[in-house]
Amino acid sequence: MRVEKEYRHLEGIDEIRIFNASQKNFYRRTRREFEVDDLPLPVLMNNIPVEIHSLIPYEEGIDFIIEKVGDFTLGKYNCTPDDVKGRLLSKLSPGFYEILHDELLEIYHNHQVKKIRFVYYNKNKLAKLSQAKLLYDNGRIFVTSNNIDTRISSRVDLEYRDFDEDKSDIIENFSQTGSYYNIDGKYTWSQGIFNIINRAKEESDDYYNIVFDLVIPEDKHIVNKIFDITNRETAQFEEIIRIMTDNGILKTIRLNIYSYFDESGIIIRQGLINDITNYSDDELTKPVDFLLNGFKNSKKLALLVEPLNAKQFKFSKGYYNLIEIDASRYYHSRAILDNIVEKDTVERLNKLIKGDINKFDETFSYYIDGNPNNRKVVDLYIECFEYGNAIHSIGFLTDITEEKDNYEQLIISNDQRLILIKEIHHRVKNNLQVLNSFLNLEKRAYRDNPDLIIEHMQTLLSSLALLHEKTYNSQDFKNINLKDYLLDHDKQTMNVVDSINPIEFDTYVDEDLNLSIEVITPLLLIVDEITMNAVKHAFPDVSPKNKITKSIRSLDDEMAELIIKDNGVGMKDLNHITKNLGCEIIKSLTRQLGGKITLIEQENGTGYKLVFPKEMEHTIE
């Protein structure tokens, strides 16, 4: 058995540490030498929630006669009150006699109360812990003890740790730090400590210093100095020691030790421990590397540890992907805020940095390297919290540029669909009105020839159907390519016209000529009317060379030209032609188009030239 004694000045208590004691050191059966009376109030004595032992001084304190031993101790040594009563302490329990004789003698002479903490170790592991008081009363020395079950691990110091443990674990993992508290002889260790010493928590860890016990012999004197200083005074100091972990790794750690009284007068011993061992880059021993590497495949999500600390920050790779800068060239300062577009966001971030607020959660725009042409939309969350007498921060940065663009495109697409629906209803209405107007004109002009009216209406309906089909499939009413329209119009015209003469269509349209539906609708109806007139009247004789030619070209940025002609018999009475129904319809459509149409002089057949603007006011927005 080995015994160490130390007076804990700040707590005002003697601490007695007993190593590797056996039962025979504390209890030996021996015969009774003295008759002693039972203590008064036995029921009260047995129901007080502490053990009470009673000793009577013998020969001026040379030895002590045992009068009573507490039930817990009797049960531990499997004996009864009669087995211990009336025996001398030196014979019944030579171990306790050796350990406590000086203290018992002191109490016998000065009648002062003394506090003692008994700490029992078995193979350097805590086996039992008890708090005791020695006091003199009515010629006896009473020893009261309160045994603590060291098998139960409880967090007795939670009231002293007002912080979020999840966030503190991340901070500790990042910085390879850990912390502990020692209150009334009991330790509480943070998870970071177990990361440093490379093992899991054990049941007895609350009752001995699991870090100092690993110190190498060369640095043992530093630990002794620490215990000595924290024993005698409240203090704050920093030391560096080396430890050897259970799995044989030598580590260098920095200690920041604090010893102070709390508001209730309880002595608190606090330690902050930082692993400063130099690791090679390819050695994944730091838990923070594992944590941050969990984000390494994400280019849009970044973990930010201590983002408000210009010296201690550490970010996952996603951060540098997002801001498009190599991590080795990155310098963390407030200058990065200059690239944030929204100035009110910058103001709130500055409030967070100054400590006016403790949380930031916003979406904003960021210019990469200050370039407005390289814009990203990000979501940033940062939370500040207190831990280890300092303010720490942790956050997440997410690139939502693609999602934001997709959302905006969806809004634009929905708006375009609404416009498209309005356009469809508007065009259907207008075209029905055009058909109605044409039908009224045809009824007055050809009341005696209903078949001709039906044929004309069929041609118009086919042309408008073609217009609807191609326009609405494109979903763009402002930039419609005209070439496909006219080529399909030629095929469709031949399908609806009953002619005995074969007619060849030759059509040319500038490839890059795009027009709006406001221009194409009257233009297509003009082409349709002139084409139908030529089909009906230009080719009375059967000929293999009957031909209708159409050409549409850009004249400049604002105007275009349509030339349409046939090689038929031509028109003899121009005055009559310009006054017939077809000509009136063409004139009306030309006015609607805002253009100018003229006859072309040529030897054979009839030709028209229509000059018209490429753009008209779009009526639906």
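Attention in this report is confined to the structure presented alongside it. For every chain, the first residue of the written sequence is number 1, and numbering continues from 1 along that sequence. Since the coordinates come from a predicted model, pLDDT governs what is reported: local features require at least 70, and pairs of side-chain atoms require 80 or more to be given and counted, while whole-chain, interface and lining totals use all residues. Hydrogens and waters are ignored; side-chain quantities use all the structure's heavy atoms.

Here we look at unusual backbone geometry
No. 1: Positive phi, normally seen in glycine, also occurs at Glu-60, with a value near 60 degrees.
No. 2: Structurally, Glu-60 can be placed in the loop between β3 (51–58) and β4 (63–68).
No. 3: Within the chain, Asn-198 stands out as a residue other than glycine whose phi angle is a positive 60 degrees.
No. 4: Mapped onto the elements, Asn-198 comes out in the loop between α8 (191–197) and α9 (220–232). Put simply, DSSP H or I for four residues or longer makes a helix, DSSP E for two residues or longer makes a strand, and each gets a number counted from the N terminus.

Looking at helix α16 (residues 517–537)
No. 1: The end-to-end C-alpha distance of α16, which contains 21 residues, comes to 30 Å, matching closely the 30 Å that a straight helix rising 1.5 Å per residue would cover.
No. 2: Think of it in three bands: with a 1.4 Å probe and only protein chains considered, a residue is buried below 20% of the maximum accessible area for its type, exposed above 50%, and partly exposed in between. Of all 21 residues in α16, 18 are buried; the element is thus mostly enclosed. Helix span, as expected, comes to 1.5 Å for every residue beyond the first.

A closer look at the sheet that holds strand β9 (residues 186–189)
No. 1: In this analysis, strands are considered paired if DSSP registers two or more bridges between them. Taken in spatial order, the 5 strands make up an open sheet running β9-β8-β12-β11-β10, and their pairing is antiparallel. The open sheet has two free edges, formed respectively by β9 and β10 (235–244), since each of these has just one partner strand. Ignoring strand direction, the axes of neighbouring strands in this sheet form an average angle of 20 degrees.
No. 2: The sheet contact formed by strand β11 (residues 250–261) and strand β12 (residues 267–275) spans 9 bridges and is antiparallel. Bridging from a neighbouring strand, Tyr-258 pairs with Gln-270 of β12.
No. 3: Sitting on the sheet, α9 is in contact with β9, β10, β11 and β12, with an inclination near 155 degrees to β10. Axis geometry follows a simple rule: fit a line to the C-alpha atoms, using only the stretch in contact for helices, then measure angles between N-to-C directions, giving values from 0 to 180 degrees. In what follows, a contact means two residues having at least one pair of non-hydrogen atoms within 4.5 Å.

Some points on the pattern of salt bridges
No. 1: Between Lys or Arg on one side and Asp or Glu on the other, a salt bridge is scored when a side-chain nitrogen of the former is within 4 Å of a carboxyl oxygen of the latter. Scanning the entire structure with this criterion turns up 27 salt bridges.
No. 2: Here Glu-6 makes a salt bridge to Arg-17, at a shortest N to O gap of 3.3 Å. Placement of Glu-6 in strand β1 (residues 2–8) and of Arg-17 in strand β2 (residues 13–19) is noted, with a sequence separation of 11 residues between them.
No. 3: Across the salt bridge formed by Arg-17 and Glu-15, the nearest N and O atoms sit 2.5 Å from each other.

What to know about the packing of α16 against helix α18 (residues 581–593)
No. 1: Contact geometry for α16 and α18: axes closest at 9 Å, N-to-C directions at 160 degrees. Considered as vectors, α16 and α18 are oriented roughly antiparallel to each other. As α16 packs across α18, the resulting crossing turns out to be left-handed. Residues Val-519, Pro-522, Leu-523, Leu-525, Ile-526, Glu-529, Ile-530 and Asn-533 of α16 form the contact with α18, whose participating residues are Gly-582, Ile-585, Ile-586, Leu-589, Thr-590, Gln-592 and Leu-593.
No. 2: Gly counts as polar in this scheme, as do all residues outside two lists: the nonpolar Ala, Val, Leu, Ile, Met, Phe, Trp, Tyr, Cys and Pro, and the charged Asp, Glu, Lys and Arg. Of the residues in the contact of α16 with α18, the class split is 10 nonpolar, 4 polar and 1 charged. Roughly parallel here means an angle under 35 degrees, roughly antiparallel means over 145, roughly perpendicular means 65 to 115, and every remaining angle is called oblique. Take the far helix as your reference; a near helix turned counterclockwise from it by less than a right angle gives a left-handed crossing, and one turned clockwise gives a right-handed crossing.

Some thoughts on the environment of Thr-401
No. 1: For Thr-401, the location among the structural elements is in helix α13 (residues 401–445).
No. 2: Given a relative accessible area of 11%, Thr-401 falls into the buried group.
No. 3: A C-alpha to C-alpha distance of 9.9 Å links Thr-401 and Tyr-366, two positions 35 residues apart in sequence.

Notes on the side chain of His-53
No. 1: Looking at the secondary structure, you find His-53 in strand β3.
No. 2: Looking at His-53, its side chain comes within polar contact range of the main-chain nitrogen of Gly-70, at 3.1 Å.
No. 3: Residue contacts for His-53: discarding those within four places in its chain leaves Lys-68, Val-69, Gly-70, Thr-73, Ile-141, Phe-142, Val-143 and Ser-145. Here a polar contact is taken to be a pair of N or O atoms separated by no more than 3.5 Å, where protein atoms must pair a possible hydrogen donor with a possible acceptor and residues adjacent in sequence count only if both atoms sit in side chains.

Some words on the packing of aromatic side chains
No. 1: For this analysis, a ring pair means two rings from Phe, Tyr or Trp (six-membered ring only for Trp) whose centres lie within 6.5 Å, classed as stacked if their planes differ by under 30 degrees, edge-to-face if by over 60, and tilted for the remaining angles. Per the stated rule, a full pass over the model turns up 17 aromatic pairs.
No. 2: Ring centres 4.7 Å apart and planes at 50 degrees place the aromatic pair Phe-26 and Phe-96 in the tilted group. One end of the pair, Phe-26, is in helix α1 (residues 23–26); the other, Phe-96, is in helix α6 (residues 94–110), with 70 residues separating them in the sequence. Neither residue differs from the other here; Phe-26 and Phe-96 are each classed as buried.

Focus on the nonpolar core
No. 1: Counting residues in each nonpolar core, the largest one holds 42 residues, and the members touching the most others are Leu-482, Leu-515, Leu-523, Ile-548, Ile-552, Leu-562 and Phe-612.
No. 2: Leu-562 has contacts with Leu-523, Val-527, Ser-551, Ile-552, Tyr-608, Lys-609, Leu-610 and Phe-612, leaving out every residue within four places of it along the chain.
No. 3: For the purposes of this section, nonpolar cores are sets of buried Ala, Val, Leu, Ile, Met, Phe, Trp, Tyr and Cys residues that join through side-chain atoms within 4.5 Å. Counting residues in hydrophobic clusters, the runner-up holds 30 residues, among them Tyr-180, Ile-193, Tyr-207 and Val-215.

Details of α9
Three- or four-residue spacings in an α-helix give side chains the same orientation, since the helix completes a turn every 3.6 residues.
No. 1: For α9, built from 13 residues, the straight-helix expectation of 18 Å at 1.5 Å per residue is met to within 8% by its first-to-last C-alpha distance of 19 Å.
No. 2: Within the span of α9, buried status applies to Ile-222, Val-223, Ile-226, Ile-229, Thr-230 and Asn-231.
No. 3: If you follow the buried residues of α9, they end up packed against β1, β10, β11 and β12.

With respect to the pairing of β1
No. 1: Bridge analysis of β1 against β2 gives 7 bridges, and the strand direction is antiparallel. Across the sheet, the residue bridging to Lys-5 is Ile-16, located in β2.
No. 2: Hairpin connection between β1 and β2: a loop of 4 residues separates the two successive antiparallel strands, and Gly-12 in this loop has a positive phi of roughly 65 degrees.

Points about the pairing of strand β5 (residues 114–122)
The side chains of a regular strand alternate between the sheet's two faces.
No. 1: Of all the 9 residues making up β5, 7 are buried; the element is thus mostly covered by neighbouring parts of the structure.
No. 2: Strand direction decides the pairing type here: β2 and β5, joined by 6 bridges, are parallel. Across the sheet, residue Glu-15 finds its bridge partner in β5, namely Arg-117.

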